[in-house]
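Residue-level listing of the chains:
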Amino acid sequence: MLSLSFHSGTLIVNGAEPHADLLAGLIKYDSRVGQYRAQAYHYAQIMRRIHGKIDYEDHAQAYAKLNDLKWLTKFTPRIHQAESFEAWKKVGKRGVAVLPTGSGKSFLAQMAINEVKRATLVVVPTLDLVQQWASQLEEVFDQEIGVLGGGSKEIRDITVSTYDSALLMMEFMGDRFGLLIFDECHHLPGERNRLSATMSLAPFRLGLTATPERNDDGENVLYEIVGPQCYRAHIDEMQGDVLSPYQTERIEVQMDDDEALAYEENRELYKQFLRDQNISFKNGNGWASFIIACAKVPGGREVFKAFREQKRISNSSRAKLRCLWDLLCQHRGERVIIFTNDNSTAYEIGKTFFFPVLTHHTKLAERKDFLQKFRSGTYPVLVTSKVLNEGVDVPEASVGIVVSGSGSTREHVQRLGRILRKSEGKRAILYELISEGTAEYYVSERRREHRAYKK
């Protein structure tokens, strides 16, 4: 008789020899233990193949059935939530829902937990989100919620974990959850993060994200280990109904003469070096080739400094700071988030205007204090480099100002999403400041390649 058991993030398939053809592609002989072994995430697929066909014993799954689960919700699903829920069920309760920030992804997760009624692990990228999810789930399911991360190590029927903690613990608890929910699941395909999915046997899975696209093959990995994309809704389709109506405005500012000259001098040194070394960024090796050349070629260190200096000037020119102040005066009384591409620019803005600054260096207690005071209006403005790009719930924000950013479409859409949470009479606006005559324009063009900016 075939039997399954869970072992250190994998499945041991005892007695598999007579059924090798039936389980082809899912099991592999492990000479170290003299047994067939499978990746834990193939558990559901194995069970579908053997159920009703052969006799078997399942010693692998150890997750609780939550028969007495209480869901104390006061809400009924909106159309997109109901549609995404039904779509998820149609793909075997194993799939990815792509929904804009502020459209109620957490409510969809609650619907999934209530439907499956199995021990559930919710995996999120940050400690802020751990606390946010745990508080919400504790309220709506009226039970204590386990927490993994930030020094906490409590596993309960419903548990919330960071990606890092899930990775560290999954070989020991991969049999204890029947449902995995991955928030901001575009993080999952990373070489390390994906192990938190592959080392779990959870047959039911839900991925939540506003931006699944990646530059590598990560989307295929995501759909393999979580499930196919089963539903997608777009920001522009939901504005005015589910999300606040919004507009985006790109402002080109003219740098002061001395900064414009310094920019051109440093950029020309950098570009000449690329030409001399025959380095092109049209292929995927351009950046690596540039770094190697800077390390090896005489004068390379000065070229790298020139590269960083021209970028610094365009990112945080004096003209941008003046424009920033004009916008803040224009939106006096509104809640504003200022986004930068790097910590140094964020701290410079904070120092110049006496604004609170959130970066990855900000301690958790201080971060909570800043966000609470922002929500209450004590702090009308927050400056951040990247930590508010995703996940943190700040529905009061109505104005976003991108002082600088990367060429990532995902990052730009996430920043727009931070100000779209709907409230009475709210109209959101996202400004993007560009130093005129610099490479920032082309960076801006790349990150605006999304339908949210085409309306």
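You'll find the structure just up there.
Here's a quick rundown of the structure. All values reported here derive from a predicted model rather than from experimental measurement.

**Section: helix α2 (residues 79–90)**
With 12 residues, α2 extends 17 Å between its outermost C-alpha atoms, agreeing within 8% with the 16 Å of an ideal straight helix rising 1.5 Å per residue. Of all the residues in α2, the buried ones are H80, Q81, S84, F85, A87 and W88. All buried residues of α2 project into a common sector of 165° when viewed along the axis, lining one side. Relative to its buried face, α2 has exposed residues pointing more than 90 degrees away, namely I79 and K90. Along its buried surface, α2 packs onto β6 (94–98), α3 (105–116), β11 (179–183), β12 (204–209), β13 (229–232) and α8 (235–238).

**Some thoughts on the packing of helix α12 (residues 318–330) against helix α13 (residues 343–353)**
Closest axis-to-axis distance for the α12/α13 pair is 12 Å, and the angle between their directions is 55°. Taken together, α12 and α13 sit at an angle that is classed as oblique. Here α12 runs over α13; the crossing is right-handed. On α13, the residues that touch L321, L324 and W325 of α12 are E348, I349 and F353. When its residues are assigned to classes, the contact of α12 with α13 shows five nonpolar, no polar and one charged.

**Remarks on the pattern of salt bridges**
Counted by the stated rule, this structure contains 18 salt bridges. With a closest N to O distance of 3.2 Å, E86 and K89 form a salt bridge. Residue E86 and its partner K89 are both found in helix α2; the two are separated by three residues, about one turn of the helix. With relative accessibility at 37%, the residue E86 sits in the partly exposed group.

Criteria and thresholds
Residues numbered from 1 in each chain as written. Predicted model: local features only at pLDDT ≥ 70, side-chain atom pairs only at ≥ 80, totals over all residues. Heavy atoms only, no water. Helix = DSSP H or I, 4+ residues; strand = E, 2+ residues; numbered from the N terminus. Expected span 1.5 Å × (residues − 1). Buried < 20%, exposed > 50% of the residue type's maximum accessible area, 1.4 Å probe, protein only. Arc of directions from axis to C-beta. Contact = heavy atoms within 4.5 Å. Axes fitted to C-alpha atoms, helices over the stretch in contact; angles between N-to-C directions. Parallel < 35°, antiparallel > 145°, perpendicular 65-115°, else oblique. Left-handed = near helix turned anticlockwise from the far one by under 90°. Nonpolar A, V, L, I, M, F, W, Y, C, P; charged D, E, K, R; others polar. Salt bridge = Lys/Arg side-chain N within 4 Å of Asp/Glu carboxyl O.

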